[in-house]
2 protein chains.
Amino acid sequence: MTDAVRASRLAPEIAARLKRDGRGLIAAIAQQYDTGEVLMLGWMDDEALHRTLTTGRCTYWSRSRQEYWVKGDTSGHQQWVKSVALDCDGDAVLVKVDQVGAACHTGDRTCFDADVLGAAPGDRPPAAPREQAPREQPARWKSEPAITGSDFQRAAKGED
Amino acid sequence: MTDAVRASRLAPEIAARLKRDGRGLIAAIAQQYDTGEVLMLGWMDDEALHRTLTTGRCTYWSRSRQEYWVKGDTSGHQQWVKSVALDCDGDAVLVKVDQVGAACHTGDRTCFDADVLGAAPGDRPPAAPREQAPREQPARWKSEPAITGSDFQRAAKGED
């Protein structure tokens, strides 16, 4: 685990569960609480998370400016916090917010509106009875080289 | 911009838009396409994104095992791709999927189900006429030290 770079008032029992990257940051997904829209991805250090948890407003750490960034302070497009959840391995939070106006600096509602990539969609196999082990379902995935690494290692890392 | 570490078949015009971290990765948010649930956050290098775009199945790069990880190959809990969108600054994709079973290795439906942090919720100010500039709305944010840095710098970086 990487130690946080900056001093923080974050509760120690939360700080102990964070798995920060090399810059002391975790990813923060902002989602509109009622519609489910994924609005943007930002970054938080311990103190940004503390401020998000305690002020009612989403606060990020700006990697480019190396300072705290209270979403909407310039644009007026605040993110009012509804709930915050840490993920199972401690490297991301999901922040449900009430977004005022556009989340994206381009004026789009979300940061994912403008650049939809061409993707070949996949279809799940027909529903199988719950008693049937999922891995026994027919493989309908289009052909791709087999990946390496044992299932045992994968399960041990929590990445199925 | 960091160059990708591994060889990839990703289309060059997409690769040129990615802003990778020091490990050559971008964040990948998986969202259930119909319910809007945010399922998990993973990581993709260029080739993982290529495979996600072309095979119908979500493929991540495992940072711990340093190999490709086709979600559900072990657990049967596949993610069938519906759409993929790159964000405005190229460091994250939103992958809408049809998730079979639990997205989380713990058996939870999502990786954000188990650790909801205590947060003081925020309430947006009363609706103002659209003609009123958002930044002129009354400040109802609870007191917090002012952040440093000019609005000009902030706007120039696309972080309002």
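The following refers to the structure shown. The shown structure was predicted, so the numbers you read here are calculated from the model rather than taken from an experiment.

## Quick look at the overall build of chain A
Step number 1: Summing up its helical and strand segments, chain A has three helices and seven strands in all.
Step number 2: Out of the 160 residues in chain A, the part that is buried amounts to 53%.
Step number 3: With the model as given, the accessible surface of chain A reaches about 7,100 Å², and the carbon-plus-sulfur share is 52%.

## Some words on the pattern of salt bridges
Pairs can form between side chains of opposite charge once their charged atoms are near each other.
Step number 1: Per the stated rule, a full pass over the model turns up 24 salt bridges over all chains.
Step number 2: Among the ionic pairs, B:Asp115 bridges to A:Arg17, the shortest N-O distance being 2.8 Å. You can see B:Asp115 sitting in strand S7 (residues 115-117) and its partner A:Arg17 sitting in the loop between helix H1 (12-15) and strand S1 (26-32), one on each of two chains.
Step number 3: Judged by relative accessible area, B:Asp115 falls into the buried class, the value being 18%.
Step number 4: Here B:Arg9 makes a salt bridge to B:Glu47, at a shortest N to O gap of 2.5 Å. Here the residue B:Arg9 occupies a position in the segment before helix H1 (12-15), and B:Glu47 occupies one in helix H2 (residues 46-55), the gap between them amounting to 38 residues.
Step number 5: Residue B:Arg9 is classed as partly exposed on the basis of its relative accessible area of 46%.

## Brief notes about the relation of the copies chain A and chain B
Step number 1: Between chain A and chain B, which share one sequence, the superposing operator has a rotation angle of 180 degrees and an axial displacement of 0.0 Å; the RMSD is 0.0 Å. Here the symmetry operator amounts to a two-fold rotation axis. Among all C-alpha atoms of chain A, that of A:Gly36 lies closest to the rotation axis, at 2.5 Å.
Step number 2: When the interface residues of chain A are mapped onto chain B, 99% of them again lie at the interface, so the same face is used by both copies.

## Regarding the packing of aromatic side chains
Step number 1: This structure, assessed with the given rule, holds five aromatic pairs over all chains.
Step number 2: An angle of 25 degrees between the planes, with centres 6.3 Å apart, marks the rings of A:Trp43 and B:Trp43 as stacked. Within this pair, whereas A:Trp43 is found in strand S2 (residues 38-44), its partner B:Trp43 is found in strand S2 (residues 38-44), the two belonging to separate chains. Like A:Trp43, the residue B:Trp43 is buried in the burial classification.
Step number 3: The ring centre of A:Trp80 lies 5.5 Å from the NZ or CZ of A:Arg57, which sits over that ring.
Step number 4: Of note, B:Lys82 hangs over the ring of B:Tyr33, and the distance from its end group to the ring centre comes to 5.2 Å.

## A few points about the sheet that holds strand S5 (residues 79-86) of chain A
Step number 1: Spatial ordering of the open sheet is given by S2(A)-S1(A)-S6(A)-S5(A)-S7(B), a layout of five strands whose pairing is mixed. The sheet is open, and its two borders are formed by S2 of chain A together with S7 of chain B, each paired with just one other strand. Averaged over all neighbouring strand pairs, the angle between strand axes comes to 30 degrees, with direction disregarded.
Step number 2: Here six bridges tie S1(A) to S2(A), and the two strands are oriented antiparallel to one another.

## Points about the interface of chain A and chain B
One widely used convention gives an interface's size as the accessible area the parts lose upon coming together.
Step number 1: Facing 83 residues of chain A, the contacting portion of chain B comprises 82 residues.
Step number 2: Carbon and sulfur atoms make up 56% of the surface buried where chain A meets chain B, a total of about 7,800 Å² over both sides.
Step number 3: Summed over the shared surface of chain A and chain B, the number is eight salt bridges.
Step number 4: Where B:Lys82 meets A:Asp123, a salt bridge forms, and the shortest distance between an N and an O atom there is 3.7 Å.

## Some points on the environment of B:Met40
All names here are of chain B.
Step number 1: Mapping Met 40 onto the fold places it in strand S2.
Step number 2: Given a relative accessible area of 3%, Met 40 falls into the buried group.
Step number 3: Remark: the alpha-carbon pair of Met 40 and Ile 29, spanning eleven residues in sequence, is separated by 6.1 Å.
Step number 4: In this structure, Met 40 is in contact with Ala 28, Ile 29, Ala 30, Tyr 60, Trp 69, Lys 71, Gln 79, Ala 103, Cys 111 and Phe 112, ignoring residues within four places of it in sequence.

## Some thoughts on the sheet that holds S2(B)
By definition, the strands of a sheet pair up through backbone hydrogen bonds, in either a parallel or an antiparallel sense.
Step number 1: Spatial ordering of the open sheet is given by S7(A)-S5(B)-S6(B)-S1(B)-S2(B), a layout of five strands whose pairing is mixed. Of all the strands in the sheet, the pair left with one neighbour each is strand S7 (115-117) of chain A together with S2 of chain B. This sheet shows a mean twist of 30 degrees between the axes of neighbouring strands, independent of strand direction.

The rules we used
Residues numbered from 1 in each chain as written. Chains lettered and ligands numbered in written order. Predicted model: local features only at pLDDT ≥ 70, side-chain atom pairs only at ≥ 80, totals over all residues. Heavy atoms only, no water. Helix = DSSP H or I, 4+ residues; strand = E, 2+ residues; numbered from the N terminus. Buried < 20%, exposed > 50% of the residue type's maximum accessible area, 1.4 Å probe, protein only. Areas by Shrake-Rupley, 256 points an atom, 1.4 Å probe, with all protein chains shown as cover. Salt bridge = Lys/Arg side-chain N within 4 Å of Asp/Glu carboxyl O. Least-squares fit on C-alpha atoms with pLDDT ≥ 70 in both. Contact = heavy atoms within 4.5 Å. Phe/Tyr/Trp six-rings, centres within 6.5 Å; stacked < 30°, edge-to-face > 60°. Lys NZ or Arg CZ within 6 Å of the ring centre and 35° of its normal. Pairing = 2+ DSSP bridges. Axes fitted to C-alpha atoms, helices over the stretch in contact; angles between N-to-C directions. Buried area = accessible area lost by both parts, 1.4 Å probe.

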